[in-house]
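# Secondary and tertiary structure notes
Here's the letter readout for the chains.
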Amino acid sequence: QVQLVESGGGLVQPGGSLRLSCAASRSPLSINAMAWYRQAPGKERDLVASVTSRGNTNYADSVKGRFTISIDNAKTTVYLQMNSLKPEDTSVYYCKAFMTGGIESWGQGTQVTVSS
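Throughout what follows, the structure given in this document is the object of discussion. (Residues numbered from 1 in each chain as written. Predicted model: local features only at pLDDT ≥ 70, side-chain atom pairs only at ≥ 80, totals over all residues. Heavy atoms only, no water.)

So, on to the sheet that holds strand S7 (residues 67-71). The strand order across the open sheet formed by four strands is S1-S3-S8-S7, and the pairing between neighbours is antiparallel. Because the sheet does not close on itself, it has two edges, and the strands there are strand S1 (4-7) and S7. Within the sheet, the average angular offset between the axes of one strand and its neighbour, ignoring direction, is 15°. (Pairing = 2+ DSSP bridges. Helix = DSSP H or I, 4+ residues; strand = E, 2+ residues; numbered from the N terminus. Axes fitted to C-alpha atoms, helices over the stretch in contact; angles between N-to-C directions.)

Time to look at the pairing of strand S11 (residues 110-114). Side chains Thr110, Val112 and Val114 project from S11 onto a buried face, and the interleaved Gln111 and Thr113 project onto a face without burial. Pairing geometry for strand S2 (residues 10-12) and S11, over three bridges, is parallel. Along S11, the bridge assignment pairs leucine 11 with threonine 113. Bridge count between strand S9 (residues 91-99) and S11: three bridges; the pairing is antiparallel. Looking at the pairing, valine 92 lines up with glutamine 111 of S11. (Buried < 20%, exposed > 50% of the residue type's maximum accessible area, 1.4 Å probe, protein only.)

We now examine the side chain of aspartate 72. Relative to the helices and strands, aspartate 72 resides in the loop between S7 and strand S8 (77-82). At 2.9 Å, the side chain of aspartate 72 and the backbone nitrogen of threonine 76 are in polar contact. Residues contacting aspartate 72, with those up to four places away along its chain left out, are Thr77 and Tyr79. (Polar contact = N/O pair within 3.5 Å; in protein donor to acceptor, adjacent residues only side chain to side chain. Contact = heavy atoms within 4.5 Å.)

In terms of residue burial, S9 counts as a mostly covered element, since seven of its nine residues are buried. In terms of strand pairing, strand S4 (residues 31-39) meets S9 through eight bridges, oriented antiparallel. The residue of S9 that forms the bridge with methionine 34 is alanine 97. Where S9 lies against strand S10 (residues 104-106), three bridges are found, and the strand directions are antiparallel. Pairing of lysine 96 across the sheet is with tryptophan 106, part of S10. Here S9 folds back onto S10 in antiparallel fashion, the turn holding four residues, of which glycine 101 has a positive phi close to 80°.

This is the structure we're talking about:
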């Protein structure tokens, strides 16, 4: 399986911005899509945004117009640019890779806290 390493989380004030990165290690399997999920304490893990290897994107309604997902040309690193952050965006953010054969892999998570 591919190993995913996330970075970029932290503490930011409401209205601020953060950029998350998720780098995939070398894998014999092709990555078809990557996504960001988030999970707040006591809540389910929800999809935030996804991007296919062809660049097709999908966003949760709650982040449309504020967050942008992108993938690099090598299709091994996915980014989540988060603007106009709100306290309700506070969560642990997880990266996920979807590979050939239905194989999936999760990152370890990175904390994002939006607070004044």
